[in-house]
Amino acid sequence: MPMDSVHNYFERLVFNEIKENYADKFEDSNALADMACIALNRIPPRYIRYDIDMSFYMSVEEHIDVEKKVKKAVRKAYKKVKRFEDKFEDEIA
């Protein structure tokens, strides 16, 4: 079905940022999924069918801006999940 190819352009970028820079920060992989949700909710979605279409039509400046947005959203998501995890650990200790 053609609609199966529709997805949020930022999903792959956020997932890659988390895998490359935060995968070792938590013992529980559920925290990484939480990070992805939080980060993706901070970035307005861009629904597309093919990633190459988006990449091809963006300028260098737009690519840089997208990269900054993703890094910032993931960094903030990490801080939020980390605070929650730290608070939870303090409560059970």
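Here the structure is a predicted model, which means the values were calculated and not measured.

Rules and cut-offs
Sequence positions are assigned chain by chain, starting from 1 and proceeding in written order. In keeping with the predicted nature of the model, local features appear solely for residues at pLDDT of at least 70, side-chain atom pairs appear and are counted solely at 80 or more, and the whole-chain, interface and lining totals rest on all residues. Computation of side-chain values: all heavy atoms of the structure, hydrogens and water removed. One speaks of a salt bridge when a side-chain nitrogen belonging to Lys or Arg is within 4 Å of a carboxyl oxygen belonging to Asp or Glu. Each helix is a run of H or I in the DSSP string that is no shorter than four residues. Each strand is a run of E no shorter than two, and both are numbered from the N terminus. Here the term buried applies to any residue with accessible area under 20% of the maximum for its type, exposed to any over 50%, and partly exposed to those in between, with areas from a 1.4 Å probe on protein chains only. Pairing of aromatic rings covers Phe, Tyr and the six-membered ring of Trp, with a centre-to-centre limit of 6.5 Å; geometry is then stacked below 30 degrees between planes, edge-to-face above 60, and tilted otherwise. Distance thresholds for patches are 9 Å for like charges and 5 Å for nonpolar side chains (Val, Leu, Ile, Met, Phe, Trp, Tyr), applied to residues having over 30% relative accessible area and no salt bridge. Each accessible area value is a Shrake-Rupley result obtained with a 1.4 Å probe; residue values ignore everything except the protein chains displayed when judging cover. The span one expects for a helix is its residue count, reduced by one, times 1.5 Å. Under this definition, polar contacts are N or O atom pairs within 3.5 Å; protein pairs additionally need one hydrogen-donor-capable and one acceptor-capable atom, and for neighbouring residues in sequence, both atoms have to be side-chain atoms. Inter-axis angles, ranging from 0 to 180 degrees, are taken between N-to-C directions of lines fitted to C-alpha atoms, where helices are fitted over the stretch in contact. Each angle is binned into one of four classes, with values under 35 degrees roughly parallel, values over 145 roughly antiparallel, values of 65 to 115 roughly perpendicular, and all other values oblique. Two helices that cross are described as forming a left-handed crossing if the nearer one is turned anticlockwise from the farther one by less than a right angle, and a right-handed crossing if clockwise. Between two residues, a contact is recorded if the distance between any of their heavy atoms is within 4.5 Å. Each residue is assigned to one of three groups, with Ala, Val, Leu, Ile, Met, Phe, Trp, Tyr, Cys and Pro labelled nonpolar, Asp, Glu, Lys and Arg labelled charged, and all others, Gly among them, labelled polar.

**Re the pattern of salt bridges**
Then comes step 1: Going through the model one piece at a time under the given rule, you end up with five salt bridges.
Then comes step 2: In this structure, D86 and K82 form a salt bridge, with 3.4 Å as the shortest nitrogen-oxygen distance. Taken together, the residues span about one helical turn, with D86 and K82 both in helix α4 (residues 60–92) at a distance of four residues.
Then comes step 3: Under the relative-accessibility criterion, K82 is labelled partly exposed at 26%.
Then comes step 4: In this structure, a network of salt bridges that share partners links the residues K82, E85 and D86.

**Some points on the packing of aromatic side chains**
Each aromatic ring pair is specified by the distance between its two centres and by the angle formed by the two planes.
Then comes step 1: If you walk through the whole model with that rule in mind, you get four aromatic pairs.
Then comes step 2: Their ring planes at 40° and their centres at 5.1 Å tell us that Y22 and Y78 sit as a pair that is tilted. Taken together, the positions of Y22 in the loop between α1 (9–21) and α2 (29–42) and Y78 in helix α4 put the pair 56 residues apart, joining distant regions of the chain.
Then comes step 3: Among the residues examined, Y22 registers a relative accessible area of 11% and is labelled buried.
Then comes step 4: The exposure class assigned to Y78 is buried, which follows from its relative accessible area of 19%.
Then comes step 5: Members of the aromatic cluster, joined through ring pairs, are Y22, F26 and Y78.

**Concerning a nonpolar patch on the surface**
Then comes step 1: A surface patch of nonpolar side chains, about 510 Å² in accessible area, is lined by M1, M3, V6 and Y47.
Then comes step 2: Mapping M3 onto the fold places it in the segment before β1 (7–8).

**Describing α2**
Because the α-helix completes a turn every 3.6 residues, residues three or four places apart line up on one side.
Then comes step 1: The end-to-end C-alpha distance of α2, which contains 14 residues, comes to 20 Å, matching closely the 20 Å that a straight helix rising 1.5 Å per residue would cover.
Then comes step 2: Along α2, the residues classified as buried are A31, L32, M35, A36, A39 and L40.
Then comes step 3: For α2, the N-terminal capping position is held by D28, with its side-chain oxygen 2.9 Å away from the main-chain nitrogen of N30.

**Examining the packing of α1 against α2**
Then comes step 1: Interaxial distance between α1 and α2 falls to 10 Å at its minimum, and their mutual angle equals 135°. If you check the angle between α1 and α2, you find them oblique. Considering how the two elements wind past one another, α1 and α2 form a crossing that is right-handed. Residue-level inspection shows F10, E11, V14, F15 and I18 of α1 in contact with α2, the latter providing L32, M35, A36, A39 and L40.
Then comes step 2: Within the contact of α1 with α2, the residues separate by chemical class into nine nonpolar, no polar and one charged.

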